[in-house]
Amino acid sequence: DVKVTQSSRYLVKRTGEKVFLECVQDMDHENMFWYRQDPGLGLRLIYFSYDVKMKEKGDIPEGYSVSREKKERFSLILESASTNQTSMYLCASSLGRSNQPQHFGDGTRLSIL
Amino acid sequence: QKEVEQDPGPLSVPEGAIVSLNCTYSNSAFQYFMWYRQYSRKGPELLMYTYSSGNKEDGRFTAQVDKSSKYISLFIRDSQPSDSATYLCGAHGSGNTGKLIFGQGTTLQVKP
């Protein structure tokens, strides 16, 4: 089974802090994704990467950056956390071919105070 | 207009009922369609993955795609309380990145 592991289930940070969310997958997937999930808004794509050191902006990249130094690891960075970034963050991965589904981690519930 | 539309519900049914969950989409380029189940405080779990039009069955679950009307359905037979969750539909076209477009999700409650 595909395993996507997010480093923290719950995280509380303060406004202005730099926050790192880590995601690791164990299936040698080329593609990795970061989403945030908010009530009434569904899943929104922040950034994705289809190869090491490659990144593409999703629908809501403002206030975020990402890092993909190794194939199995994809990090989401909140440069200066703000209260409107309080959310559930979900990481996903998929094989590089077009006909493969995404597999999700269990999410990090981030609260910015 | 969102590319994938889904009624958020909530939908409440008695145990044993047949459940029908539906989505519509607007992009004719979509070829791959999927359903995810998400329990509270967990990540989405892939339930069904289909290509183009037609039906796919897996146990009590049947996924149906009608590309002519741009309609995606998930049927759950003999629904159980353990089926209570949020169901997300998704779609994407061809292309290496596999970027998915999701519906908002429908919350289902199956009452014993």
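Only a predicted model underlies this, so the values are computations on that prediction, with no experimental measurement involved.

In this section: the overall build of chain B. Each helix and strand in chain B was counted, giving zero helices and eleven strands. Starting at the N terminus, the α and β elements of chain B follow one another as β-β-β-β-β-β-β-β-β-β-β. What you see for chain B is a C-alpha radius of gyration of 14 Å, in line with the 13 Å of a compact globule of 112 residues. The C-alpha extent of chain B, read off along each of the three principal axes, is 45 × 30 × 25 Å. Counting the 112 residues in chain B, one finds 43% classified as buried. At a minimum sequence separation of 6, the contacts of chain B that also span at least 24 residues come to 55%.

Counted under the stated rule, the structure contains twelve aromatic pairs over all chains. When the centroid spacing of 5.6 Å and the interplanar angle of 40° are considered together, the rings of Tyr35(A) and Phe104(A) count as tilted. Remark: Phe104(A) occurs in strand β10 (residues 103-104) and Tyr35(A) occurs in strand β4 (residues 31-38); sequence separation between them is 69 residues. Exposure class is identical for Tyr35(A) and Phe104(A). Each is buried. Judged by centre distance (5.0 Å) and plane angle (40°), the ring pair of Tyr32(B) and Tyr51(B) falls under tilted. Linking Tyr32(B) in strand β4 (residues 32-38) with Tyr51(B) in strand β5 (residues 45-51), this pair joins segments that are 19 residues apart in sequence. Three or more aromatic residues joined by ring pairs make a cluster, and in this case those are Phe33(A), Tyr35(A), Phe48(A), Phe104(A), Tyr36(B) and Phe102(B).

The next point concerns the pairing of strand β6 (residues 54-58) of chain B. Residue and element names in this part refer to chain B. The pairing of β6 with strand β7 (residues 61-66) spans five bridges and is antiparallel. What sits directly across from Asn-55, in β7, is Gln-64. Between β6 and β7, which pair antiparallel and follow one another directly, the connecting turn spans two residues, one of which, Gly-59, has a positive phi of 65°.

Attention shifts here to the layout of surface pockets. Roughly 490 Å³ of internal volume is contained in the largest pocket. As for the largest pocket, its lining consists of 20 residues, of which Gln37(A), Asp38(A), Pro39(A), Gln38(B) and Thr86(B) are closest to the centre. If you tally residues by element for the lining of the largest pocket, the top one is strand β9 (residues 85-92) of chain B, at three residues. Residue classes in the lining of the largest pocket are distributed as six nonpolar, ten polar and four charged.

Thresholds, definitions, all that
- Residues numbered from 1 in each chain as written.
- Chains lettered and ligands numbered in written order.
- Predicted model: local features only at pLDDT ≥ 70, side-chain atom pairs only at ≥ 80, totals over all residues.
- Heavy atoms only, no water.
- Helix = DSSP H or I, 4+ residues; strand = E, 2+ residues; numbered from the N terminus.
- Rg over C-alpha atoms; globule rule 2.2 N^0.38 Å.
- Buried < 20%, exposed > 50% of the residue type's maximum accessible area, 1.4 Å probe, protein only.
- Contact = heavy atoms within 4.5 Å.
- Phe/Tyr/Trp six-rings, centres within 6.5 Å; stacked < 30°, edge-to-face > 60°.
- Pairing = 2+ DSSP bridges.
- 1 Å grid on protein atoms, 1.4 Å probe; cavity = no way out; pocket = protein on both sides within 12 Å on 5 of 7 lines; lining within 4 Å.
- Points joined across faces, edges and corners; volume = space filled by probe spheres on them.
- Nonpolar A, V, L, I, M, F, W, Y, C, P; charged D, E, K, R; others polar.

Purely geometric numbers; function is a separate question.
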